[in-house]
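The lines below spell out each chain.
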Amino acid sequence: MGAPLKRGRARANLREHLEELERLVDTAGAVIVGEMTQQIDRPNAATYLGAGKVEELRKKVVETGATLVVFDDELSPTQGKNIEDAIGQRVVDRAELILDIFATRARSAEAKVQVELAQLEYMLPRLTRMWTHLEKFRGGIGVRGPGETQLETDRRLISHRIKLLREKLREFQKGRAVQRSSRRGEFKASLVGYTNAGKSSILRTLADAKDIFVEDRLFATLDPLTREVQLGENSRALVTDTVGFIRKLPHHLVASFRATLEEAREADLLLHVIDASHESWEEQRDVVNGVLEELELLSQPTLLVFNKVDRLEEQALLALQERVATEGHEAVFVSALQEDGTDPLKRALQTHTRARRPLAEIHLSHADGKLLAEIHEYGEVLDQRTIGERLVLRARVGERLAGRLRRAGAIVERESPGS
């Protein structure tokens, strides 16, 4: 059921939003038997839709034999309960559907905790609706029934469970912080973007890792996954795949996944993956930027990665490249499915890693074979010569390696950018 407000491009976007909702329903495992739409001036406080449309919906449910009605817009607890009473079948909104999908897709202990926390926070204000069989009990002094007591007990139990889950998430967060500290000094990039934009496919191709799960469905990836990517010329990057975003993403879900998205906060570069072949890629880009802003990540250095360019005609691709260049965004255009299709991204990552490892002239003794090996392994040696009894190297090295070399007695002199 799609019922957008009469504003802006609501009517133009209605079909695309419903198609996305259909994909979500399919991902959740349900079979679609019909759809209804209506544009409204403002939501009815009691039933979201008007009385006439609710009755039409009831008849459609009977006619199709539907056992579930999914609304594309978020319903209040009261609206959801009243519609269920009117049509005689269960009603869920987009937020509840997304939470259900996340629950089935969660694999790691951390993802399961995050999803359960989001579900409980969503459920808490809706408990009364779930206890419809207790309506025969009336409130008031002298007539308080066990139903009200049970409802309050459930609220307390859920609130206690939420507190425990938040504590568990804090423990996971500490563990992630330890992992990140061990990777300090490495160049880190995080893939972010709309769900199904191809983030996992890009990581799989970049890292040549066939074990990375890829599926043409929404929210195929929930757990962050990090792989080392060799960029050539002795440079590499740690690239992390993160959970995809979607329009009308439940606020509780964003909040509970904050810990996972710490990976993106610690990244040197965000790789914002955009499905170039999608007709609404601009709206999807804006949705992702909105979530990044909510997570206070919008100020991070960002590279736009337009994926699936193999689906575009040559003229359409040229027009897109011109437009992005005019807007002044740093961007690359890739295809995770074509041979060498991710090379532009590799070159861009190499440029960013080099910026993190400025040129330096390094003087060390011939006897320092261990230091020399370390420079060749973790740096990029451009020139090596002998002056007297010392080796002189011109190389790109990060601050961490430069510090280790100085402590070991080597002389490290940074070159100025223009030299």
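The structure under discussion appears in the preceding block.
Description of the structure in this document. (Residues numbered from 1 in each chain as written. Predicted model: local features only at pLDDT ≥ 70, side-chain atom pairs only at ≥ 80, totals over all residues. Heavy atoms only, no water.)

**Brief notes about the side chain of Arg396**
If you trace the backbone, Arg396 turns up in strand β11 (residues 390-396). One buried charged residue, Arg396, forms no salt bridge at all, with the nearest opposite charge on Glu380 at 4.1 Å. Once residues within four sequence positions are removed from consideration, Arg396 is found in contact with Arg354, Arg357, Pro358, Leu359, Gly379 and Glu380. (Helix = DSSP H or I, 4+ residues; strand = E, 2+ residues; numbered from the N terminus. Buried < 20%, exposed > 50% of the residue type's maximum accessible area, 1.4 Å probe, protein only. Lys, Arg positive; Asp, Glu negative; His and termini not counted. Salt bridge = Lys/Arg side-chain N within 4 Å of Asp/Glu carboxyl O. Contact = heavy atoms within 4.5 Å.)

**Focus: the sheet that holds β11**
Sheet architecture is open: 4 strands sit in the order β10-β11-β9-β12, paired in antiparallel fashion. This sheet does not close on itself; its edge strands, each paired only once, are β10 (380-387) and β12 (411-414). Within this sheet the neighbouring strands show an average axis-to-axis angle of 20°, counted without direction. Pairing between β10 and β11: 7 bridges, direction antiparallel. Considered in β11, the bridge of Arg385 is made with Val392. Its contacts with the sheet place helix α15 (residues 399-407) against β9 (359-365) and β12, and it is angled at close to 145° to β12. (Pairing = 2+ DSSP bridges. Axes fitted to C-alpha atoms, helices over the stretch in contact; angles between N-to-C directions.)

**Structural notes on the pairing of strand β1 (residues 68-71)**
Sheet topology places β1 next to strand β2 (residues 90-93); 4 bridges connect them, and they run parallel. Residue Val70 lies in a different strand from β2, and its bridge partner there is Val92. In this fold, β1 hands off to helix α3 (residues 77-87), which returns the chain to β2; that crossover is right-handed. (Right-handed = clockwise from strand over helix to strand, strands pointing away.)

**Overview of unusual backbone geometry**
Comment: phi is negative for the bulk of residues other than glycine, and the bulk of peptide bonds are trans. Positive phi outside glycine occurs at Glu296, with the angle close to 60°. Summarising the element assignment, Glu296 is placed in the loop between α11 (281-294) and β7 (302-307). Classification of Glu296 as exposed rests on a relative accessible area of 62%. If you check the backbone angles, Lys308 has positive phi at about 65° while not being a glycine. Structurally, the position occupied by Lys308 is in the loop between β7 and α12 (314-327).

**Observations regarding the packing of helix α2 (residues 51-64) against α3**
Between two packed helices, what matters for the description is the angle formed by their axes and the separation of those axes. Between α2 and α3, the shortest axis-to-axis distance is 9 Å and the interhelical angle comes to 55°. Looking at the two axes, α2 sits oblique to α3. Every pair of crossing elements has a handedness; the one defined by α2 and α3 is right-handed. For the pair α2 and α3, the contacting residues are Val54, Leu57, Arg58 and Val61 in the first and Ile83, Ala86 and Ile87 in the second. Among the residues making up the contact of α2 with α3, the classes are represented as 6 nonpolar, no polar and 1 charged. (Parallel < 35°, antiparallel > 145°, perpendicular 65-115°, else oblique. Left-handed = near helix turned anticlockwise from the far one by under 90°. Nonpolar A, V, L, I, M, F, W, Y, C, P; charged D, E, K, R; others polar.)

**Some points on the environment of Ile212**
Within the secondary structure, Ile212 sits in the loop between α8 (199-207) and β4 (225-232). Sequence-wise, Ile212 and Arg227 are 15 residues apart; in three dimensions their C-alpha atoms are separated by 9.6 Å. Here Ile212 is in contact with Ser200, Leu203, Arg204, Leu225 and Arg227, once residues within four sequence places are set aside.

**Digging into the sheet that holds strand β8 (residues 331-333)**
Pairing is mixed across the open sheet formed by 6 strands, whose spatial order is β4-β5-β3-β6-β7-β8. Both outer strands of the open sheet, β4 and β8, are each paired with one neighbouring strand and no more. In this sheet, adjacent strand axes meet at a mean angle of 30° when their direction is disregarded. Judged from the 3 bridges that link them, β7 and β8 form a sheet pairing that is parallel.

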